[in-house]
Amino acid sequence: MNHDDHVRLIAGAFAQPGGIWADFGAGWGAFTLAIRDLAGPESELYALDRDHAALASLHDGMIRMFPETSLHLIQGDMRQPPELPPLDGIVAANSLHYVGSKHQSTTLRRWSTLLKPSGRIVIVEYDSNNPNQWVPYPISFEHLGQLTSKAGLPAPTLLSTYPSRWHGRIYGAIIPLSAY
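Cut-off values and rules
- Residues numbered from 1 in each chain as written.
- Predicted model: local features only at pLDDT ≥ 70, side-chain atom pairs only at ≥ 80, totals over all residues.
- Heavy atoms only, no water.
- Helix = DSSP H or I, 4+ residues; strand = E, 2+ residues; numbered from the N terminus.
- Buried < 20%, exposed > 50% of the residue type's maximum accessible area, 1.4 Å probe, protein only.
- Contact = heavy atoms within 4.5 Å.
- Axes fitted to C-alpha atoms, helices over the stretch in contact; angles between N-to-C directions.
- Parallel < 35°, antiparallel > 145°, perpendicular 65-115°, else oblique.
- Left-handed = near helix turned anticlockwise from the far one by under 90°.
- Pairing = 2+ DSSP bridges.

Tracing the backbone through its elements, the reader meets Thr107 in helix 4 (residues 104–112). The exposure class assigned to Thr107 is buried, which follows from its relative accessible area of 1%. Setting aside residues no more than four positions away along its own chain, Thr107 makes contact with Met78, Arg79, Leu96 and Val99.

Next up, the structure:
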């Protein structure tokens, strides 16, 4: 996948530019860059990951592609995010599958408390229920609907898919707290 593919997977979650967005499990920043591309220069971004080296690489990539971006790097655990300003959206791309199955719905619920009333959670995951060493707790789109129901959140809406050589396809989905 390349930058344009990342953008296409989540583009439907961005009705207008701007806002305060967080990327949980940001890693090296592929989707943080996609968020910035879609939200534009007036956005404010928070990138959360445990890996300091990955965040440093993300910082360098952001400076190369979008030097005027307001980017806050936070080393921490996405299951227990730090206090943040009210967010317009959270993107969790290929990261929720690292949260144990028993904690995925409570993690989604916790994330929803960080959002503005019109906020949304954007999930990017492999559309599979078959675990492996890279995707220990997979979340198919169907399973995501079960998780949101258990968390007391609205049903997810499929935004886009992309073929994957590992698990059939990758999907982007939105969980809106309300219409936006």
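Across the interface, helix 2 (residues 30–39) lies against helix 3 (residues 52–65) with an axial gap of 10 Å and an inter-helix angle of 30°. Judged on the interaxial angle alone, helix 3 and helix 2 are roughly parallel. Of the two elements, helix 2 crosses helix 3, and the hand of that crossing is right-handed. For the pair formed by helix 2 and helix 3, the contact residues are Thr32, Leu33 and Arg36 on the first element and Leu58, Gly61, Met62 and Met65 on the second.

Turning our attention to the sheet that holds strand 6 (residues 157–164). Across the sheet, seven strands lie side by side as 3-2-1-4-5-7-6; this open sheet has mixed pairing. Both edges of this open sheet fall to strand 3 (70–75) and strand 6, since each of them pairs with a single strand only. In this sheet, adjacent strand axes meet at a mean angle of 15° when their direction is disregarded. Taken together, the seven bridges between strand 6 and strand 7 (residues 168–176) define a ladder with antiparallel strand orientation.

Honestly, it's all geometry; don't read function into it.
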